[in-house]
Each structure stands twice: as structure tokens, then as C-alpha cells.
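# Structural overview for review
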Amino acid sequence: MPRLSIATSATAVPMGAQAYERHVSSRAPAALARLSAGDEPWEVRSVVVRSVRSSLGGNRRLPMGWLAAASPGARAAAGRLAYAGAGLVHRMSLELPPAPHEVVTLHDVVSWRYADESAPVRAAAEELRRAAAVVCVSAFTASEAVDLLGLDDPVVVPNGVEERYFGAAPLAADALARFGVTGPYVLAAGGASERKNLEALAEAWPRVRAARPDVTLVLAGPPHPRRTELFAPLPGVRLVGRVPDEAMPGLYAAASVVVVPSLVEGFGLPALEGMATGVPVVASDRSSLPEVVGDGGLLVAPTGAGLAEGVLDMLSGGAEVERMAHRGLERARRFTWEASAEGHARVWRSVSA
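Report on the accompanying structure. Quantities reported herein were computed from a predicted structural model and do not represent experimental measurements. (Residues numbered from 1 in each chain as written. Predicted model: local features only at pLDDT ≥ 70, side-chain atom pairs only at ≥ 80, totals over all residues. Heavy atoms only, no water.)

The next point concerns the packing of helix 11 (residues 269-276) against helix 14 (residues 319-332). Between helix 11 and helix 14, whose axes approach to 7 Å, the crossing angle comes to 110 degrees. On the basis of the axis angle, helix 11 is roughly perpendicular to helix 14. Remark: the crossing between helix 11 and helix 14 carries left-handed chirality. Two secondary-structure elements touch here, helix 11 through L272, M275 and A276 and helix 14 through G328, L329, R331 and A332. Of the residues that constitute the contact of helix 11 with helix 14, the class distribution is five nonpolar, one polar and one charged. (Axes fitted to C-alpha atoms, helices over the stretch in contact; angles between N-to-C directions. Helix = DSSP H or I, 4+ residues; strand = E, 2+ residues; numbered from the N terminus. Parallel < 35°, antiparallel > 145°, perpendicular 65-115°, else oblique. Left-handed = near helix turned anticlockwise from the far one by under 90°. Contact = heavy atoms within 4.5 Å. Nonpolar A, V, L, I, M, F, W, Y, C, P; charged D, E, K, R; others polar.)

Written out as C-alpha cells, the structure reads:
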């Protein structure tokens, strides 16, 4: 019986990468069964690694801090012990040690590109080159992996969007009021690192506010000094912090416009989530965003002027904006987690064979 072990890291604060892990892992058995009809069934196991002193759930303990800076040989030895009897391993976190026979997910290469991102694992590039297959979440990330890390033929398998975003009910006025939000608003959701390009959005916002003083800019994401420094002095801005996961579809759905100003995204899930709720999306015309957004949103230069003009165009409404939002909704329907899991299953079968 072929065996697949999906290896992930235990974490106290799940983020986008953990959502990817959950959706692909939970759908792996069904996806393999669909593709393996008539063949020997697969056994799918979960390997959840936590640090030595962690109180989080998991079924392996490893010295994670030490592993990040360990030599390739030491990491390989740790992997042989951690994955003994695991069969084919899909390693979904670069921090985990490599397996003798593995598929690895690469969400992006920002650790190598930006100083304010987490430093890359010392041995990661070498390990990626040795893997049986590397799954990248966008063609842009795959191209970056080839150019920067020297990978050969990474496989592109796009992420999906959760079904709960489709047809999501907008947050009610009283729920929005608890965030300090009243009236129409533009939503920007995500992190605040350099690549998120919040400086350009901060430059754009006074121009938008001057033309539309009735509109608020809502910034959702973990508190960060860069975001606070840029936007706290600006009029008509609400920094709502980390929003509970169950409230996010409604927060998107109640927005007048979703804006994604990033210079670099490995995939661009906020744009896809906005499209899935049927809200007009303005996104940067860089990195992976054009391949996610397509004709389902307005792609603009990631400058203050470009973002301001794009947001004002979408706020103006009208038939063309409605048609664009409808195209975005229909395009978002192509990005399902079932399709993503099936793409992964094809990779697992190909390297197992």
C-alpha cells in the first residue's frame, strides 16, 4: 500500500500557510482515491511537529530552533529519524527537516528577497533542489524559485478559497460599529511587511479621502508599528487589528472595495477572497496578483497615484464596475481547495511511481 505522510508544524496562531495545510491535508485521501480508482489505495498519515518544550498538540518533538541553523547533514539525519517508516513525505514547512523521499511546498521566496521577513532556513535552497518535487502556489513563485534558488521544473498548484466567502452576508451595522466603522469603507487585509507596500497605500489614501470624505479605510491585520506609523495620523482610517476568522467573510462582503497594494505576493489570497464575496477588487499589477485576479479586478501600478485612481474608479460604481465584480466572483469559483488537493495528488502519484 503506498503511504503518504503530510508533515506540518504545530503553531499557536494559524495564518494563511496553516489554512493551506489544513485544506490540502483534509482533502488528500479523497483526492488520491479519485485519481487511484482501481489501483491500490493510499494510506495518508499526519505528522505534526512541535518544538521540544511546546505545549501545542503534535506527534513529533524536534529542536526547531536548532534545526533552522543546522547544517544540511544534521537536518537530513534529523529527518531520517523523524520520518522513519513514513513513506513519501510532503513537507509543508521549510523549517521542518527534509525526508529521504519528499515533496516540498514553497509558498514564496520573500525570505531571500526582503530583510524584514523571517530569515530563510540555512539549508532550504539545497533541500528544495534535492526534493522529488516542489509545489509552488503560483507561476510567479515557480519562476522566482527557478531564477533565485536554482530549482528545476517546480510544479504549480494554485491555492483555493474557502466556500464560506461565496454568498457571505455583510457584517451588520452593529458588528461594524464595534470595530469603529460606520458608512462605506475600503478594506485592506493582511500583513505590514515591506513587500505589502503600505507606504503607497498611505500616499494614496489622502487623495481618495479628499474626493470621497464619506469613505473609511479599514486596515485588518496583526498590529504592526509600520502600519500604525503610516496610518494613525491619516483621517478616515480604522486600524481594526486581527479580526476573528469567522468574521472575515462578512468584513469583506460589507466593503465597497478591497485593495491589495502588494509589491510581492506568493499567491494573493486577500484578492481572491474579495472576489469571492463579489466585492470590486483593486490590486497591484505585480508578482502573482495578475494570474490570480485576471480580468476579475482592476490591476494598477502599485504607486500612490495608481492606487488612488483605481480605488476612486471602483468607488464610482456603475455598470462596468458591477460587471468586473461579477467576473471576479466567477473567476474565484475556479480556485477550489478540491482542485488544489487533486493537483497535489497528481504530484504525489507521479513521484511515488
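Having put the structure on the table, let's press on.
Further remarks concern helix 14. Given 3.6 residues to a turn, an α-helix orients residues that are three or four positions apart in the same direction. The end-to-end C-alpha distance of helix 14 is 20 Å, a good match for the 20 Å that 14 residues give at a rise of 1.5 Å each. On its buried side, helix 14 packs onto helix 11, helix 12 (289-293), strand 13 (298-300) and helix 13 (304-315). (Expected span 1.5 Å × (residues − 1).)

Take the pairing of strand 8 (residues 185-189) next. Summarising burial for strand 8: four of the five residues are buried, a large majority. Across five bridges, the pairing between strand 8 and strand 9 (residues 216-220) is parallel. Of the residues in strand 9, the one forming a bridge with V186 is L217. Each parallel crossover has a hand, and for strand 8 linked through helix 8 (residues 198-211) to strand 9 it is right-handed. In the sheet, strand 8 pairs with strand 11 (residues 257-260) via two bridges, with the strands oriented parallel. By the bridge assignment, L187 is partnered in strand 11 with V258. (Buried < 20%, exposed > 50% of the residue type's maximum accessible area, 1.4 Å probe, protein only. Pairing = 2+ DSSP bridges. Right-handed = clockwise from strand over helix to strand, strands pointing away.)

Enumeration over the complete set of coordinates arrives at two cavities of 30 Å³ or more. In this structure, the largest cavity occupies an estimated 120 Å³ of space. Lining of the largest cavity is provided by 15 residues; of these, A189, G190, G191, L198 and P261 occupy positions nearest its centre. Sorting the residues of the lining of the largest cavity by element identifies strand 8, strand 9 and strand 11 as the ones contributing at least two each. Class assignment for the residues of the lining of the largest cavity results in nine nonpolar, three polar and three charged. Reported here for the second largest cavity is a volume of approximately 40 Å³. Contributing to the lining of the second largest cavity are V186, L201, A204, W205, V208, L307, A308 and V311. Residue contributions to the lining of the second largest cavity peak at four residues, all from helix 8. Taken together, the residues of the lining of the second largest cavity break down into eight nonpolar, no polar and no charged. (1 Å grid on protein atoms, 1.4 Å probe; cavity = no way out; pocket = protein on both sides within 12 Å on 5 of 7 lines; lining within 4 Å. Points joined across faces, edges and corners; volume = space filled by probe spheres on them.)

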